[in-house]
Every structure is written in C-alpha cells, then in structure tokens.
Amino acid sequence: MAKELKLLLLLLLITLFLMGLCSTLFLQFLPSRRLTISLSDEPFQASIIKRLFNPYGWAAYNFITMGAYRGGLNTFAIIGLASKPLHVYSNPTYECIWFSSSSSSQKPISTVGYKILPDFGFGRVYTAVVVNCTFSQPVNGNNTGGKLVLRASTNGGGDTNFNVADTIDVLNESPNAVNFSIFTLPPKYDYYYCGSPVYGNLNPQRIREWIAYHVKFFGPKSHFVIYDAGGVHKQVLEVLKPWMELGYITLHDIKDQERFDGYYHNQFIVVNDCLHRYKFMAKWMFFFDVDEYIYVRPNNTLKSVLDSQSEFSQFTFLQMPMSSNICLSYDYGKTYRKWGFEKLVYKNSKKGIRWDRKYAAQPRNLHASGVHWSMDLEGQTKHETKGIIMYYHYHGTIAENIESCKIYANSTQFIYEKTPYVLDTTMRDIAGDIKKFELQMIGPRLQNIQQ
C-alpha cells in the first residue's frame, strides 16, 4: 500500500511539472499587452507624437511687381516675379479688378488674368510672369481715373486646404492722365533698343564704342533703354551722359531686383518691362546685348531690310562669333589706340554649331518677349535672314578692363585651341566712320576714356 501511494504521488508531481512547463511555453507566444512606452494612462494616444514645424524668416514671395502698363482700351499687362516652385508644383491664379474713380456707386469690373511664363523654365527661386488682363469692355474710357488691382492666389500651393490671396494695387490712373490716341497714331520712333540688364565692372570704352556705333546705325529716330543692375558705375555713366543729354538714352536703375533670385539678373522681366512700357513708341524693337553689333550689308539699309520683313511680327538674325583676344600682327604696339571692334578681326569658323540668334519685333504684335525670340505673339516669325542682317558678337570683352589683344596673327586663317578662325575685317573697315560720327555728335568729351 505504501509503495502504491508513493508511485501515485510521483506521478502527480510529474504531471504538475509538465503542466507548468507547457504553460510557460504557451505564454511566450501570447502578445504583450503593452507594446509602447507609456507616457500617460492612455497607451494608444501616447504612441502618436505630435511634431511642430517652426518657420523662421520668409519663404519665396507670392508675387513681386515691377510694372503694369496699358495695352489698349481694355487690356493691361502686369510684369513681375513669382515663386518658381509655386508655378511648377501648383497652379496659382490671377484676377484683375478695375475700380473706377468716377462714382463710388459704380461697381468694380473684373476678369481672369491670363498668365504667361516667358522664361521657358530658366527661373531660379523666382520665375518671370506676365499677367494679361483683358476686360470685356473699355476701361476708364471717360478718362475719369481709377485703379487696377491684381488678386494673386496661391491656389493651394501644395496645401489644398490653405489658399493665400494677395490683393495688390498695380496701376493708378489719375483723371485725364491717359492719352488714348497713342494706341492708334503712328509711333514716335522708328527703332527702340531693349537690352538685357547690365551688371559688373563694365569697360567704359567698350560701352562708348557700342553706343556711338548703334546711334549711327539706327539713326535719329531711335531710342535706347538701358537697365542698370549694377554695371553703370561712374565711368560708364560718364560715357552715357552725352547721349542722354541728346535724348537717345533712358536709364533705369533696377539694382533693387538683386534681392530676388531670378535668372541672369532677372533678364526676362527686364525685356518684358521694356516691351510693355514702350510698346506703342516704336515701329520695331530690337533685343540684343551690349557686346553685340547689328550689321546689314552695304547694298542694303536698315530701313530696306525692315520693310522687307514687314509681313512678319518678328524675325531673328544670325550671330557672327568673333574672337575676344586674337588681333592682327600689323596692329602690335598700336592696339591701345584702336577700338574693340576695330582690332578684334578673327571670326570663329567652326562648322556644325548652332549659334545663338537675336531678334527684332513689331512690339504691338507681342504679348511677351524673350531673349532670343518671342513665343507669345500674333502673326508669324521668320528665321531665314542669312546674308541680310546679322550681329557681330564680341563675347567677354564688355567686362574686360585690360587690353583685349593677347594673340597676334598675320594670316587669313588661324587655328587657336583647336578652333579655326578666319579674318573678317567688316567692322574694322567702318571704325573710322563711327569715330567721326561720335566727334560730330558730342565733340571730343570722351576722347580720354581709358580702356
């Protein structure tokens, strides 16, 4: 009996041991009741960590105005900059509103602003924007005055639940301030020059040469608009002053635009500001730079060339790329007395290169301007003008304040750094006439300008 009792007790102990072992193994596979570190009495809420984003300073502005101009009885153009990411990743919208001054009871009229982005995606932090405001009726037809307001909306800007709209007074017209006849009368000038912004430590002698040449080339019914982005220092202003006094040059100080990071010193809003500000002042506008010289063959005149292109809203012309440092051996020791386009006489003759073009346009047919041509216009564009009109390009010389001639050649063909050059004395041959013209127009006051 005692043996049987001991055996029964042993079996009971073994059974209890096995049950304990199984329960331990089973519990290892049960999920834990607390998978997070508890920061409160509510474990689920504690697993959501609310993070804050703390802004400092300013992001890119929604819209930066440069100018607003009439384009007719019922249409306006607003020139400005806007955040490039906003236009790339969102769809900002514009509304134009006119408030009349004639009566407080007269309701404002509005229209959707049509936006043009003329810089082809070249913008940086900011991109150029031209907003066209065309109303369904004449605006301020009785000339009693009023104001144009732009309502610029971000339209979400990445957050569809958040829309910011800025209301901006862009143009005020005083009573009797608008000369409506300008839209129908022939323009005052034949030719207007609208250039890219000038900046940096420019060579005053090169500016002197460029101005004298083109005043003679375009003639007395021409005007030049120069936008100073920091390049018109004291010596350059001294060169411009005689021609400003004669009424040939208007200078715009736009150094403030450097605060806003756009392409090439905001080149695209500059040429568009010039287009729309002076749209009704000239038959033709030319868009090129101050190291480029327009030229027509001796058997043509500028007038005959433009008359032959009158059916086109714009036409482009080819570049003649000139060396900025190769001169004739004949000029060695005398180059300091010669003008830039007089001594730089070797043209790049490499084949198979698509050289840049510049262009002229009938401004009343353009909605926006580009640097090399306009993509926003009414009418046709002509590109085939080879042999009719061209431009000589002296790249890099305008900002060089030392002697340009560094290499001398005595042949009609020359290879330098694996690039072939050919002798082209076209501009050299007319340098004497340009110097005489300058002397006749402004006297000897610029004779002592240094290189």
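Quick caveat: nothing in here was measured; it's all calculated off a predicted structure. (Residues numbered from 1 in each chain as written. Predicted model: local features only at pLDDT ≥ 70, side-chain atom pairs only at ≥ 80, totals over all residues. Heavy atoms only, no water.)

A.B. asks: Looking at this model, I keep getting lost on the packing of helix α4 (residues 204-218) against helix α5 (residues 234-245). Mind explaining?
C.D. replies: For any two helices packed against each other, one specifies the inter-axial angle together with the distance between the axes. It is at 8 Å that the axes of α4 and α5 come closest, and there the two elements cross at 20 degrees. Classified by the angle their axes make, α4 and α5 are roughly parallel. Here α4 and α5 pass one another in a crossing that is right-handed. Here Pro204, Ile207, Arg208, Ile211, Ala212 and Val215 of α4 come into contact with α5, specifically with Gln235, Val236, Val239, Leu240 and Trp243. (Axes fitted to C-alpha atoms, helices over the stretch in contact; angles between N-to-C directions. Helix = DSSP H or I, 4+ residues; strand = E, 2+ residues; numbered from the N terminus. Parallel < 35°, antiparallel > 145°, perpendicular 65-115°, else oblique. Left-handed = near helix turned anticlockwise from the far one by under 90°. Contact = heavy atoms within 4.5 Å.)

A.B. asks: What is the right way to look at the nonpolar core in this model?
C.D. replies: Counting residues in hydrophobic clusters, the biggest one holds 55 residues, and the most contacted among them are Ile207, Ile211, Trp243, Phe286, Phe341, Ile389 and Tyr392. Among the elements that make up this core, the one with the highest residue count is α4 (eight residues). Counting 19 residues, the second largest nonpolar core, distinct from the first, contains Ala68, Tyr94, Cys96 and Val139. (Core = buried A, V, L, I, M, F, W, Y, C linked by side-chain atoms within 4.5 Å. Buried < 20%, exposed > 50% of the residue type's maximum accessible area, 1.4 Å probe, protein only.)

A.B. asks: Where do I start with the packing of aromatic side chains in this structure?
C.D. replies: By convention here, two paired aromatic rings are described through the distance between centres and the angle between planes. Enumeration over the complete set of coordinates arrives at 40 aromatic pairs. Ring centres of Tyr191 and Phe286 lie 6.3 Å apart, and the angle between their planes is 80 degrees; this geometry places the pair in the edge-to-face category. Placement of the pair is Tyr191 in strand β8 (residues 189-194) and Phe286 in strand β11 (residues 282-287), with a sequence separation of 95 residues. On the accessibility criterion, Tyr191 (9% relative accessible area) is buried. Judged by its relative accessible area of 0%, Phe286 falls in the buried class. Relative to Phe288, the ring of Tyr193 has its centre 4.8 Å away and its plane inclined at 70 degrees; by these criteria the two rings are edge-to-face. On the criterion of sequence distance, the pair formed by Tyr193 in strand β8 and Phe288 in the loop between β11 and β12 (292-296) is long-range, its members being 95 residues apart. The same class applies to Tyr193 and to Phe288, which are both buried. The ring of Phe99 carries Lys147 above its face, with NZ or CZ at 5.8 Å from the centroid. The cationic tip of Lys334 hangs over the ring face of Tyr330; the distance from NZ or CZ to the ring centre is 3.9 Å. (Phe/Tyr/Trp six-rings, centres within 6.5 Å; stacked < 30°, edge-to-face > 60°. Lys NZ or Arg CZ within 6 Å of the ring centre and 35° of its normal.)

A.B. asks: Can you walk me through the pattern of salt bridges in this structure?
C.D. replies: Pairs can form between side chains of opposite charge once their charged atoms are near each other. Inspection of the entire model under this criterion finds 19 salt bridges. With a shortest N-O distance of 2.8 Å, Asp307 and Lys303 are connected by a salt bridge. Residue Asp307 and its partner Lys303 are located together in helix α7 (residues 302-308), separated by four residues, close to a single helical turn. For Asp307, a relative accessible area of 44% puts it in the partly exposed group. Judged by relative accessible area, which is 53%, Lys303 ranks as exposed. Among the ionic contacts, a cluster of salt bridges with common partners joins Asp228, Asp253 and Lys255. (Salt bridge = Lys/Arg side-chain N within 4 Å of Asp/Glu carboxyl O.)

A.B. asks: So what exactly am I meant to see when it comes to the pairing of strand β9 (residues 222-228) here?
C.D. replies: The side chains of a regular strand alternate, first on one face of the sheet and then on the other. In terms of residue burial, β9 counts as a mostly covered element, since seven of its seven residues are buried. Covered by surrounding structure in β9 are Ser222, Phe224, Ile226 and Asp228 together with His223, Val225 and Tyr227, the residues of both alternating faces. Looking at chain direction, β8 and β9 are connected through four bridges and run parallel. Bridged to Cys194 within β9 is Val225. Here β9 runs beside strand β10 (residues 249-253); their pairing, made up of five bridges, is parallel. For Tyr227, the partnering residue across the bridge sits in β10 and is His252. In terms of handedness, the path from β9 via α5 over to β10 forms a crossover that is right-handed. (Pairing = 2+ DSSP bridges. Right-handed = clockwise from strand over helix to strand, strands pointing away.)

A.B. asks: What is the right way to read the state of the cysteines from this model?
C.D. replies: By definition, a disulfide links the sulfur atoms of two cysteine residues through a covalent bond. Applying the stated criterion across every chain, the model contains three disulfides. Covalently, Cys96 is tied to Cys133 through a disulfide, its sulfur atoms 2.0 Å apart. Residues Cys96 and Cys133 are joined through a disulfide that is left-handed, its torsion about the S-S bond being -60 degrees. With Cys96 in strand β3 (residues 93-100) and Cys133 in strand β5 (residues 126-134), this residue pair connects regions lying 37 residues apart in the sequence. Overall, Cys96 belongs to the buried group, its relative accessible area being 0%. Cys194 shares a disulfide with Cys274; S-S distance 2.0 Å. (Disulfide = S-S within 2.5 Å.)

A.B. asks: I keep staring at the sheet that holds strand β2 (residues 75-83) and nothing clicks. Help me out?
C.D. replies: Backbone hydrogen bonds hold the strands of a sheet together, and the pairing may be parallel or antiparallel. Pairing is antiparallel across the open sheet formed by seven strands, whose spatial order is β1-β2-β5-β4-β3-β6-β7. Both outer strands of the open sheet, β1 (64-70) and β7 (165-173), are each paired with one neighbouring strand and no more. With strand direction ignored, the average angle separating the axes of adjacent strands in the sheet is 25 degrees. By the bridge criterion, eight bridges tie strand β6 (residues 146-153) to β7 in an arrangement that is antiparallel. Residue pairing in the sheet places Gly146 in a bridge with Glu173 of β7. Each of β1, β2 and β5 touches helix α6 (residues 267-277); the most contacted strand, β2, lies at about 170 degrees to it.

Any functional reading would require information beyond the geometric quantities listed.
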